[in-house]
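Examination of the molecular architecture
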Amino acid sequence: MKVKTRFAPSPTGYLHIGGARTALFSWLYARKHQGEFVLRIEDTDRERSTQEAVDAILEGMSWLGLDHDEGPIYQTDRYDRYQQVIQQLLDQGDAYYCNCSRERLDKMREEQMANKQKPKYDGCCRGKNLSACEDTVVRFKNPQDGVVEINDHVRGKVTISNQELDDLIIQRSDGNPTYNLTVVVDDWDMQITHVIRGDDHLNNTPRQINILKALNAHIPEYAHVPMINGSDGKKLSKRRDAVSVMQYREDGYLKEAVINYLVRLGWSHGDQEVFSLEEMIEKFDIDDINKSSSSLNIEKLQWLNQHYMKQMSPEKLAEELQYYIDKAGLDISNGPDIVAVMKVYQERCSTLVELVEDIRYLYENIAEYNPKQAKKQFKGDAINVLRSLKEAYENLNSWNAAAIHQVVEDTVEKLGVGFGKVGQPLRLAITGHGKSPGIDITLELLGKEKTLERIEKAITHIENT
């Protein structure tokens, strides 16, 4: 059969980082084998599912570039099919109606736990041959003997005794199908060959396999991926960790870096850290997924992001930066060409948010000077240094980095001071914070007119302080 994988999130919130990694693994496996990747929205929980969450999932998948060959398919559009399969299981004797009350079930479980037994349904209605009526559910008649074997691509061979499984509910009393029924029908109908999902679903897998067997359906291969821990090694926390995929975009990370980061959370290929998308597709294999959990490492993501920013063409980086320029309310129409700025700045920052803030001074007037830097740099002979620089730059005909740098050197020699006594006050006067590339390149980008205006403003500031 052609390889066919799926990503099947529940639309109850944003696209979680763990879900995005599962989607990536499923997408890569399908692409590696020239197969198909299905996006399925499991929205049967009508109370918690929202259109906003659906949109967030689709936005996250689109941003990451995880395109689907089929879908999005919504489970709420398939209710008639689920009812058909439930009826089939009833007709062939693999399911039955149950009218056990909530009170009886609660009491049964309390007694089982008190006796240190695993809580599970006791099969009270299994042989009663009840008919459908108000408050009845439908249960799957799980085999009572034998075992379920799962040859998991990550965990190896997993064997579960059928005696550990109870007769799970496949249709609630309100007529709605349950997760374990819908996922089986969907995987069957969509001819899914490989199910790659979090290992929190491992306890569902033997139940789903038994339903598939009862339907004489093809059983997919499974790969249960360990969960992702937070940066502290503990369970992911919204309070401590960035767990939404789109939060990484908002924080200024390139999708290429996030994809590379995600693939390395639980998968490796030798000592290689950086992978192009083509290399991921070529080298990824579910048999190489680690058995142990991975932890978020923001330093690794920052390193990867800086790598991709350095490797990107200045034109492409400028294009990527536009979202953050707009978000920051920065008007770049009155300033140096943004591509020229990228050529200078793309190796200096680790995120696009940081990059926008670092270049802000090139496009906006300086409202104030960094107090600590001003106290340090705007003292002593700084005012005479700035006056001398202003005079020299006013008379400079060729506004280029070499000529600008020569003025600095001439000023150092003329005043008999160290280079820092000239360069640092000038840098603070130009930027407001004292942080920039080489002063000659910085002034060339800023332009002669703005350079003179800012030196004059700094002189006035020192005079009035």
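The structure we're discussing is the one just above.
What counts and how
- Per chain, residues are indexed from 1 in the order of the written sequence.
- Reporting of local features is limited, given that this is a predicted model, to residues whose pLDDT is at least 70; pairs of side-chain atoms are given and counted only at 80 or more, and all residues count toward the totals for whole chains, interfaces and linings.
- Hydrogens and water are ignored here; the side-chain numbers use all heavy atoms of the structure.
- Centres within 6.5 Å are what make two rings of Phe, Tyr or Trp a pair, Trp counting through its six-membered ring; a difference in plane orientation under 30 degrees is then read as stacked, over 60 as edge-to-face, and the rest as tilted.
- To sit over a ring, a charge needs its Lys NZ or Arg CZ within 6 Å of the ring centre and within 35 degrees of the ring normal.
- At least two DSSP bridges between two strands are needed for those strands to be called paired.
- Here a helix means four or more residues in a row that DSSP labels H or I, a strand means two or more in a row labelled E, and each is numbered from the N terminus.
- For helices, the fitted line uses only the C-alpha atoms of the stretch in contact; every axis is such a line through C-alpha atoms, and the angle between N-to-C directions lies from 0 to 180 degrees.
- To sort the angles, those under 35 degrees are grouped as roughly parallel, those over 145 as roughly antiparallel, those from 65 to 115 as roughly perpendicular, and the leftovers as oblique.
- By the convention used here, residues are in contact when the closest approach between their heavy atoms is within 4.5 Å.
- To qualify as a nonpolar core, a set must consist of buried Ala, Val, Leu, Ile, Met, Phe, Trp, Tyr and Cys residues joined through side-chain atoms within 4.5 Å.
- The rule is simple: take the accessible area with a 1.4 Å probe, protein chains only, and divide by the maximum for that residue type; under 20% is buried, over 50% is exposed, in between is partly exposed.

So, the packing of aromatic side chains
Geometrically, a pair of aromatic rings is defined through the distance of the ring centres and the angle of the planes. Going through the model one piece at a time under the given rule, you end up with eight aromatic pairs. Members of the aromatic cluster, each reached through a chain of ring pairs, are Phe25, Trp267, Phe275 and Phe284. Positioned above the aromatic ring of Tyr121, the side-chain terminus of Arg139 is 3.6 Å from the ring centre. In this structure, Arg249 is placed above the aromatic ring of Tyr323, and the distance from its NZ or CZ to the ring centre is 3.8 Å.

Overview of the sheet that holds strand β4 (residues 95-98)
Spatially, three strands are ordered β4-β5-β8 in an open sheet, and the strand pairing comes out antiparallel. At either margin of the open sheet sits one strand with a lone partner, and together these are β4 and β8 (169-171). Shown here is a sheet whose adjacent strand axes are inclined to one another by a mean of 45°, direction ignored. Of the strand pairs in this sheet, β4 and strand β5 (residues 137-140) are connected by four bridges, and their pairing is antiparallel. Within the sheet, the bridge partner assigned to Ala95 lies in β5 and is Phe140.

Concerning the packing of helix α1 (residues 17-32) against helix α8 (residues 255-263)
As a packed pair, α1 and α8 sit with axes 9 Å apart at the nearest point and diverge in direction by 85°. Taken together, α1 and α8 sit at an angle that is classed as roughly perpendicular. Between α1, through Ile17, Ala20, Arg21, Leu24, Phe25 and Leu28, and α8, the contact on the second element is made entirely by Ile259, Leu262 and Val263.

Quick word on the sheet that holds strand β1 (residues 4-7)
Taken together, the three strands give an open sheet; going across it, the order is β1-β2-β3, and neighbouring strands pair in parallel fashion. With partners counted over all chains shown, the strands left at the sheet margins are β1 and β3 (70-74), one partner each. With direction set aside, neighbouring strand axes in the sheet form an average angle of 25°. Sheet topology places β1 next to strand β2 (residues 36-41); four bridges connect them, and they run parallel. The partner of Thr5 across the bridge, within β2, is Phe37. Along the sheet face, α1 touches β1 and β2 and points at about 165° away from the line of β1.

Focus: the nonpolar core
Core analysis: the largest hydrophobic core is formed by 102 residues, its most contacted members being Leu355, Ile359 and Tyr393. In terms of residue count, α1 provides more of this core than any other element does, nine residues in total. With residues up to four places along the chain from it excluded, the contact list for Leu355 reads Met309, Leu317, Leu321, Met342, Tyr345 and Cys349. Core analysis: the second largest hydrophobic core is formed by 31 residues, Phe140, Leu168, Ile209 and Leu212 among them.

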